[in-house]
Amino acid sequence: MAIPVEHFFKQKKYPFIISLSILLISVTLFLVTTDITTTFNPLIIYSDLKHQPQPPPLNPTESDSTTISKQEKLPSKEEEEALLSGGNNNNNVSIDWKLCKESVTVDFIPCLDNYKAIKNLKSRRHMEHRERHCPETSLDCLLPIPKGYKKPVRWPKSRDMIWYDNVPYSKLVEYKKDQHWVVKSGEYLKFPGGGTQFKDGVDHYIDFIEKTLAKIQWGKHVRVVLDVGCGVASFGGYLLDKNVITMSFAPKDEHEAQIQFALERGIPATLSVIGTQKLTFPDNGFDMIHCARCRVHWDADGGKPLYELNRILRPGGYFAWSATPVYRNDDRDQKVWKAMVAITKAMCWKVVAKADDSSGIGLVIYQKPTSSSCYKKRKENNPPICENMDGKNSSWYSRLNSCLTPLPLDGKGKPLSWPMPWPQRLTSKPPSLRHDSDAIDEFNKDSKHWSQLVSDVYDNGLSISWSSVRNVMDMNAGYAGFAAALVDRPIWVMNVVPIDVPDTLSIILDRGLIGMYHDWCESFNTYPRTYDLLHASFLFKHLDQRCDLVDVVVEIDRILRPDGYLVIHDSVEMLSKLDPILRSLHWSVTSHQNQFIVGRKSFWRPTSL
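Bear in mind the structure is a predicted one, so any value in this text is a computation, not a measurement.

Cut-offs used in this document
- Residues numbered from 1 in each chain as written.
- Predicted model: local features only at pLDDT ≥ 70, side-chain atom pairs only at ≥ 80, totals over all residues.
- Heavy atoms only, no water.
- Helix = DSSP H or I, 4+ residues; strand = E, 2+ residues; numbered from the N terminus.
- Contact = heavy atoms within 4.5 Å.
- Areas by Shrake-Rupley, 256 points an atom, 1.4 Å probe, with all protein chains shown as cover.
- Pairing = 2+ DSSP bridges.
- Axes fitted to C-alpha atoms, helices over the stretch in contact; angles between N-to-C directions.
- Buried < 20%, exposed > 50% of the residue type's maximum accessible area, 1.4 Å probe, protein only.
- Right-handed = clockwise from strand over helix to strand, strands pointing away.
- Phe/Tyr/Trp six-rings, centres within 6.5 Å; stacked < 30°, edge-to-face > 60°.
- Parallel < 35°, antiparallel > 145°, perpendicular 65-115°, else oblique.
- Left-handed = near helix turned anticlockwise from the far one by under 90°.
- Nonpolar A, V, L, I, M, F, W, Y, C, P; charged D, E, K, R; others polar.
- Arc of directions from axis to C-beta.
- Core = buried A, V, L, I, M, F, W, Y, C linked by side-chain atoms within 4.5 Å.
- pLDDT = per-residue confidence, 0-100.
- Salt bridge = Lys/Arg side-chain N within 4 Å of Asp/Glu carboxyl O.
- Disulfide = S-S within 2.5 Å.

Colleague: Looking at this structure, how should I read the overall build of the protein?
Modeller: A count of helical and extended segments in the protein gives 19 helices and 17 strands. For the protein, long-range pairs separated by at least 24 residues make up 71% of all intrachain contacts whose partners lie at least 6 apart in sequence. Counting only carbon and sulfur atoms, one obtains 52% of the accessible surface of the protein, whose full area is about 28300 Å².

Shown next as structure tokens:
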């Protein structure tokens with residue numbers, strides 16, 4: 001029955017109706033005229049992480065680097081799926097991929113094989129021709145895969161044998177046949193563990209070093225080692241059994257493919273040379289530097305190569321030198337030895353051990369000072385102490401110094417202490433980390449974040465066959481939380497710190513891990529097909545502002561082994577740009593929670609040049 005209007009008002013219900021109407025009108029106007037400006041952090045929001053907030057990773061360049069600007073609208077679920085699937089959007093790409101011409105070989109390295117630039121060098125006296133000379137234009141083609149290429153032999157078997165067709169070079173087999181660096185056996189290249197200075201085997205030599213100086217304590221006190229002129233990296237390969245991680249390096253020279261052999265074996269290695277420029281490592285980083293007949297003239301240019309070792313060696317760290325000047329008495333060797341005595345004395349290095357092993361090979365071990373008091377006591381200030389006013393590590397395309405890098409100090413002006421014994425140093429506060437509570441809190445949160453993320457997502461959600469992964473590169477390593485979370489697996493991680501983000505490489509080495517600087521707008525110093533997995537967490541946002549993403553993907557394709565993985569953790573917008581590029585390479589591409597894409601490289605190559 002209808003209620004008369006007069007009766008309705010008499011019951012005084014109209015204030016409620018009026019209030020309700022005003023509320024409905026206000027809500028409608030709000031939804032129509034207001035944008036939802038939600039801040040989106042892809043690193044934090046996971047529906048399968050028990051709904052607990054996760055700390056953000058190390059900020060590469062700015063405090064909101066992992067969030068979309070508040071001026072941008074959060075895409076809907078349908079929009080995100082459309083973006084990632086390459087649906088109706090403007091991010092589709094059509095690339096006419098070409099196979100590189102015959103002049104670009106299967107093992108081409110753009111910044112080291114720039115023959116035009118090398119030919120025009122005015123001098124090769126200081127190994128300038130082995131240094132980086134990047135071409136003006138990026139590689140615009142895909143490298144062919146070697147004939148007969150197979151999936152690499154898996155670790156740990158690969159330490160001792162690899163497929164010959166994957167690295168079909170026999171020069172070292174002939175050149176070093178009496179020293180047993182490498183031996184060809186049927187379809188394989190085998191590595192017996194020999195070397196110029198390893199007459200009784202590399203494992204015997206490693207034990208000899210520790211017996212010569214017990215304080216070394218492989219895998220406890222000495223964890224991070226640099227092997228200069230490493231050959232095929234057997235020294236670093238066998239040190240892995242001692243819980244020692246070694247950065248092995250050598251130039252791309254007449255010792256054909258030695259670094260390629262090392263990486264194919266699953267041993268950390270990179271192409272580099274002590275020439276006219278600094279090594280791409282941080283100041284005061286390595287626990288030990290090793291040289292076994294590494295063919296470096298340490299006394300050249302007044303001792304600049306030794307000053308460079310002093311720069312990157314941790315205070316209290318060791319330089320183990322096994323070479324003929326240590327144990328031979330001919331005039332040439334003694335001249336070199338006398339020069340070494342003079343330079344190391346001027347640097348305040350002390351000889352802490354010297355011995356010959358049963359095969360007659362000699363070894364001397366120097367130690368870098370832990371205090372600057374010796375520098376002040378020198379009669380001559382030669383070499384002088386470098387002026388490093390800003391305290392930054394700047395070794396990317398920097399000339400070698402003729403001075404000694406200052407010893408690092410903590411926040412109280414005291415010399416930095418040696419890191420905790422391994423494995424405690426992986427999770428304890430790194431000596432080079434700032435001492436303020438904010439820095440320590442950020443570091444701890446980053447470690448916790450990556451530990452949980454790897455456990456909850458990388459292990460189970462990304463469809464990665466970890467048993468096929470050995471060589472890993474983190475392209476934007478931060479504090480190396482990703483590598484730390486993987487440390488118990490039979491893999492190793494090259495932690496790359498891009499040159500345009502905060503410098504954390506000293507912290508990474510403090511943690512007992514290895515890494516180096518790089519600019520991803522250029523080619524990396526490694527052979528093609530040398531990594532099983534590349535990891536990029538919020539790297540591309542900054543690269544997109546400086547270089548073409550297609551060029552970066554071409555470099556990734558060059559580095560990655562066929563069947564290898566590329567894991568990208570980034571914003572939806574960046575993933576939508578990269579997804580179609582990877583698909584155009586005939587890679588399989590999958591997405592996870594609209595925050596990750598996993599690309600798996602195929603064996604596909606273009607058929608035409």
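Following the structure, the description resumes.
Colleague: How should I be thinking about the sheet that holds strand E8 (residues 313-322) in this particular structure?
Modeller: Remark on secondary structure: sheet strands pair via backbone hydrogen bonds, oriented parallel or antiparallel. Strand order in the open sheet formed by 7 strands is E6-E5-E4-E7-E8-E10-E9, and the pairing between neighbours is mixed. Each having just a single partner strand, strand E6 (269-271) and strand E9 (350-356) make up the two edges of the open sheet. When strand polarity is set aside, the average angle formed by the axes of neighbouring strands in this sheet is 20°. Against the sheet, helix H8 (residues 258-265) makes contact with strand E5 (245-250) and E6, and its axis sits at roughly 155° relative to E6, the strand it touches most.

Colleague: Whenever I open this one, the pairing of strand E12 (residues 492-498) confuses me. Can you help?
Modeller: The side chains of a regular strand alternate, first on one face of the sheet and then on the other. In terms of burial, E12 is largely enclosed, as 7 of its 7 residues are buried. Side-chain alternation along E12 places Trp492, Met494, Val496 and Pro498 on one buried face and Val493, Asn495 and Val497 on a second face that is also buried. As judged from the 4 bridges shared by strand E11 (residues 471-474) and E12, these two strands associate in the parallel manner. Note that in E12 the partner of Asn471 across the bridge is Trp492. Inspection of the sheet shows E12 paired to strand E13 (residues 515-518) by 4 bridges, in the parallel sense. Considered in E13, the bridge of Val497 is made with Tyr517. Following the chain from E12 across helix H16 (residues 505-510) to the adjacent parallel E13, one finds a crossover that is right-handed.

Colleague: Explain the packing of aromatic side chains to me, please; I cannot follow it from the model alone.
Modeller: Between two aromatic rings, the relevant description is the distance of the centres plus the angle of the planes. Taken as a whole, this structure holds 20 aromatic pairs when the rule is applied. With centroids separated by 5.3 Å and ring planes inclined at 85°, the aromatic side chains of Phe281 and Phe286 adopt a geometry described as edge-to-face. Across the pair, exposure class does not vary: Phe281 and Phe286 are buried alike. The interplanar angle of 55° and the centroid separation of 5.8 Å between the aromatic rings of Phe319 and Trp349 together place this pair among those described as tilted.

Colleague: Hey, could you run me through the packing of helix H18 (residues 549-559) against helix H19 (residues 572-584) in this one?
Modeller: Between two packed helices, the angle of one axis relative to the other and the distance separating the axes together describe the packing. Closest axis-to-axis distance for the H18/H19 pair is 11 Å, and the angle between their directions is 55°. Classified by the angle between their axes, H18 and H19 sit oblique to one another. The interaxial crossing formed by H18 with H19 has right-handed handedness. Contacts between H18 and H19 involve Leu549, Val550 and Val553 from the former and Met574, Lys577, Leu578, Ile581 and Leu582 from the latter. A class-by-class count of the residues in the contact of H18 with H19 yields 7 nonpolar, no polar and 1 charged.

Colleague: Can you walk me through helix H6 (residues 202-212) in this structure?
Modeller: Counting along an α-helix, one turn takes 3.6 residues, and residues three or four places apart therefore face a common direction. Within H6, the full set of buried residues consists of Val202, Tyr205, Ile206, Phe208, Ile209 and Thr212. The arc that holds the buried residues of H6, viewed along the axis, is 155°, so those residues lie on one side. Here the buried face of H6 lies against helix H7 (234-239), strand E7 (286-292), E8, E9 and strand E10 (362-367).

Colleague: In this structure, what is going on with the nonpolar core? I would like to understand it.
Modeller: Most often, soluble globular proteins keep nonpolar side chains buried together rather than apart. Membership of the largest hydrophobic core comes to 124 residues, with the highest contact counts inside it found for Leu226, Trp298, Phe319, Trp321, Tyr458 and Phe540. Tallying contributions element by element places H18 first for this core, with 6 residues.

Colleague: Help me understand the confidence of the model for the protein in this model?
Modeller: Low pLDDT marks regions whose predicted coordinates should not be analysed in detail. On average, residues of the protein score 86 in pLDDT, and 83% of them reach the 70 mark or higher. A low-confidence stretch, residues 1-14 (pLDDT under 50), is modelled with 5 contacts involving residues beyond four sequence positions or located in other chains.

Colleague: Which parts of the structure should I look at to understand the sheet that holds E13?
Modeller: Strand order in this open sheet of 7 strands is E13-E12-E11-E14-E15-E17-E16, and the pairing throughout is mixed. A strand with exactly one partner marks an edge of an open sheet, and here the two such strands are E13 and strand E16 (588-592). Between one strand axis and the next, the sheet turns through 20° on average, direction left out of account. Packed onto the sheet, H18 meets strand E14 (531-537) and strand E15 (560-569) and runs at close to 135° relative to E15. Against the sheet, H19 engages E15, E16 and strand E17 (596-600), with an angle of about 15° to E17.

Colleague: Looking at this structure, how should I read the pattern of salt bridges?
Modeller: Overall, the coordinates contain 28 salt bridges when judged by the stated rule. Here Arg311 makes a salt bridge to Glu308, at a shortest N to O gap of 2.8 Å. Within this pair, Arg311 and its partner Glu308 are both found in helix H9 (residues 304-312), separated by 3 residues, close to a single helical turn. A salt bridge links Lys601 to Asp557, with the nearest nitrogen and oxygen atoms 4.0 Å apart. A residue pair is termed long-range when its members are at least 10 positions apart, and Lys601 in the segment after E17 and Asp557 in helix H18 qualify at 44 residues. A residue is classified by how much of its surface remains accessible, and Lys601, at 2% relative accessible area, is buried. The structure contains a network of salt bridges with shared partners spanning Asp287, Arg314, Arg425 and Asp510.

Colleague: Help me understand the state of the cysteines, please; the structure alone is not making it clear to me.
Modeller: By definition, a disulfide links two cysteine residues through a covalent bond between their sulfur atoms. Applying the stated criterion to the full structure yields 6 disulfides. Here Cys111 is linked by a disulfide to Cys134, with a sulfur-sulfur distance of 2.0 Å. With the S-S bond torsion at 110°, the cross-link from Cys111 to Cys134 turns out right-handed. You can see Cys111 sitting in the loop between helix H3 (77-84) and helix H4 (115-119) and its partner Cys134 sitting in the loop between H4 and strand E1 (161-163), a full 23 residues away along the chain. Relative accessible area serves as the criterion here: at 2%, Cys111 is assigned to the buried category. Residue classification places Cys134 among the partly exposed residues on the basis of a relative accessible area of 25%. Cys348 shares a disulfide with Cys374; S-S distance 2.1 Å. Sign of the S-S torsion, about -90° for the bond between Cys348 and Cys374, identifies this disulfide as left-handed. Taken as a pair, Cys348 in the loop between helix H11 (331-346) and E9 and Cys374 in helix H12 (residues 373-377) lie far apart in primary sequence, 26 residues in all. We classify Cys348 as buried; its relative accessible area is 5%. Each bonded cysteine in the protein gets a number by its place in the sequence, and the pairs come out as 1-4, 2-3, 5-6, 7-8, 9-10, 11-12.

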